[in-house]
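The lines below spell out each chain.
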Protein chains: 2
Amino acid sequence: MNIANHLLTHDIKPSYQRIKIFEYLYSEMNHPTVDVIYKNLVDNIPTLSKTTVYNTLKLFVDKGITSTVTIEDNEVRYDAIVDNHGHFKCDDCGHIYDIEIDFSSLLYNELENFKIDETHIHLKGKCNKCLTK
Amino acid sequence: MNIANHLLTHDIKPSYQRIKIFEYLYSEMNHPTVDVIYKNLVDNIPTLSKTTVYNTLKLFVDKGITSTVTIEDNEVRYDAIVDNHGHFKCDDCGHIYDIEIDFSSLLYNELENFKIDETHIHLKGKCNKCLTK
DNA sequence: ATTCATTTTATATTAATTATAAAATTGTAA
DNA sequence: TTACAATTTTATAATTAATATAAAATGAAT
């Protein structure tokens, strides 16, 4: 994918930092925190500041090309996938898996006449790799 | 419900502060933050400290009589209901509704051979009251 | 009453995030 | 090219939730 174009089509000027941050999100798919993103990019962009990472991710979320993942309560993670899906976090290795979820099977009879904008699902446990090692 | 007994049966010594904190959680059912709990109790317990609220809730969660609700990323909320259920937060009034969810309808084919310990579901949108006012 | 364990409290610290304003960069029109 | 304006990035300070630590208070048992 052409990242500069992707940003442009979402009304975001493709600055060097923005391209690199999105590139990291998109290629790693590791649901990184701000800190992880910063530490991974600062070697190649020595002038990078954490504020830029915060600003950029906020912009990405506002423009709809990034979503946030809140599993633990002391850190926000970011995801280049924005269409509805769930997450599984392994308590052992800490890895966060994207999982497909058929949201249509979920019916909330108590929410009649409610307007549902977002549905967040995340699970915790142990992944197959950690269970067999 | 007899709160002192409830605490005792879960291996928690029923101190005055602990009883009052659980009583607040259980009677209000408002998914309060630590700050909200503290502010509501400090008038009647002038010596109460926030550290006690933190400690007590951590104890309650460890002993399984309270669960945490993480919807926004900058605040943890607490819930006296511990069996599996979901939450709906209204973006307008901020109220958090408990909702019953049939978790059995959710199948995760990607998680074969994974061990699932917890499932968290929360929704956002506008509640019926806010939609009609 | 004395001792020991538990609970509560005050204080300091940590760490994620936000606010603010200056510096750097980019784009554009003369 | 130069000058100017707008945008983006950066450094610094401030805020805030949560944790760590140790002293003070409480409670139970002898």
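Quantities reported herein were computed from a predicted structural model and do not represent experimental measurements.

Draft legend 1. Structural detail: the state of the cysteines. Using the criterion set out here, one finds zero disulfides over all chains in the structure. A:C90 forms no disulfide, and the closest cysteine sulfur to it belongs to A:C93, at a distance of 3.7 Å. The class for A:C90 is buried, based on a relative accessible area of 1%. The structure places no disulfide on B:C130, whose sulfur is separated from the nearest cysteine sulfur, that of B:C93, by 3.7 Å.

Draft legend 2. Representation of the domain arrangement of chain A within the structure. All names here are of chain A. The domain boundaries assigned to chain A delineate domain 1 (3-79) and domain 2 (86-131). A straight line from the C-alpha centre of domain 1 to that of domain 2 covers 23 Å. Here domain 1 and domain 2 share an interface that buries about 740 Å² over both sides, 55% of which is from carbon and sulfur atoms. Taken as a group, H31, I71 and E72 account for 63% of the area that domain 1 buries against domain 2, more than any other trio of residues on that side. Along the contact surface separating domain 1 from domain 2 lie two salt bridges. In this structure, E72 engages K124 in a salt bridge whose closest nitrogen and oxygen atoms are separated by 3.2 Å. Applying the counting criterion to the domain 1 and domain 2 interface returns five residue pairs in polar contact (both at pLDDT 80 or more). Here the residues of the side of domain 1 that touches domain 2 sort into two nonpolar, two polar and four charged.

Draft legend 3. Layout of the protein's contact with DNA strand D. Lining the immediate surroundings of DNA strand D are 14 residues, of which A:S15, A:R18, A:T47, A:T52 and B:Y54 lie closest. Taken together, the sugar and phosphate atoms account for 79% of what DNA strand D places within 4 Å of the protein. With respect to DNA strand D, the side chain of A:S15 contributes an N or O atom lying 2.2 Å from a phosphate oxygen. At 3.4 Å from a phosphate oxygen of DNA strand D is found a main-chain nitrogen or oxygen belonging to A:S49. Listing elements by their share of the surface near DNA strand D, those giving two or more residues are α2 (16-28) and α4 (50-63) of chain A together with α4 (50-63) of chain B. Here the element with the most residues in the surface near DNA strand D is α4(A); it accounts for three residues. Considering only residue class, the surface near DNA strand D consists of three nonpolar, nine polar and two charged.

Draft legend 4. Layout of the pairing of strand β5 (residues 115-126) of chain B. Where strand β5 (residues 115-126) of chain A lies against β5(B), eleven bridges are found, and the strand directions are antiparallel. The residue bridging A:K124 from the neighbouring strand is B:E118, located in β5(B). Inspection of the sheet shows strand β3 (residues 86-90) of chain B paired to β5(B) by four bridges, in the parallel sense. Following the sheet pairing, B:F88 is matched in β5(B) by B:L123.

Draft legend 5. Representation of the relation of the copies chain B and chain A. You can overlay chain B on chain A at an RMSD of 0.1 Å; the transform is a turn of 180° with a shift of 0.0 Å along its axis. Both copies of the chain, as the preceding transformation shows, are related through a two-fold rotation axis. Rotation axis and chain B: the residue whose C-alpha lies nearest the axis is B:I121, separated from it by 2.3 Å. Of the interface residues in chain B, 100% have counterparts in chain A that sit at the interface too, so the contact is made through matching surfaces.

Draft legend 6. Region of interest: the protein's contact with DNA strand C. Around DNA strand C there are 14 residues in total, and A:Y54, B:S15, B:R18, B:T47 and B:T52 lie nearest to it. Within 4 Å of the protein, the atoms of DNA strand C are drawn from sugar and phosphate moieties in a proportion of 77%. Here a phosphate oxygen of DNA strand C and a side-chain polar atom of A:Y54 are 2.9 Å apart. B:T52 places a polar side-chain atom, nitrogen or oxygen, 2.9 Å from a phosphate oxygen of DNA strand C. Mapped onto the surface near DNA strand C, the elements with two or more residues apiece are α4 of chain A together with α2 (16-28) and α4 of chain B. When residues in the surface near DNA strand C are grouped by element, the largest group, three residues, is from α4(B). Of the residues assigned to the surface near DNA strand C, the class counts are three nonpolar, nine polar and two charged.

Conventions we followed
- Residues numbered from 1 in each chain as written.
- Chains lettered and ligands numbered in written order.
- Predicted model: local features only at pLDDT ≥ 70, side-chain atom pairs only at ≥ 80, totals over all residues.
- Heavy atoms only, no water.
- Disulfide = S-S within 2.5 Å.
- Buried < 20%, exposed > 50% of the residue type's maximum accessible area, 1.4 Å probe, protein only.
- Domains from an automatic or database assignment.
- Buried area = accessible area lost by both parts, 1.4 Å probe.
- Salt bridge = Lys/Arg side-chain N within 4 Å of Asp/Glu carboxyl O.
- Polar contact = N/O pair within 3.5 Å; in protein donor to acceptor, adjacent residues only side chain to side chain.
- Nonpolar A, V, L, I, M, F, W, Y, C, P; charged D, E, K, R; others polar.
- Near = heavy atom within 4 Å.
- Helix = DSSP H or I, 4+ residues; strand = E, 2+ residues; numbered from the N terminus.
- Pairing = 2+ DSSP bridges.
- Least-squares fit on C-alpha atoms with pLDDT ≥ 70 in both.
- Contact = heavy atoms within 4.5 Å.

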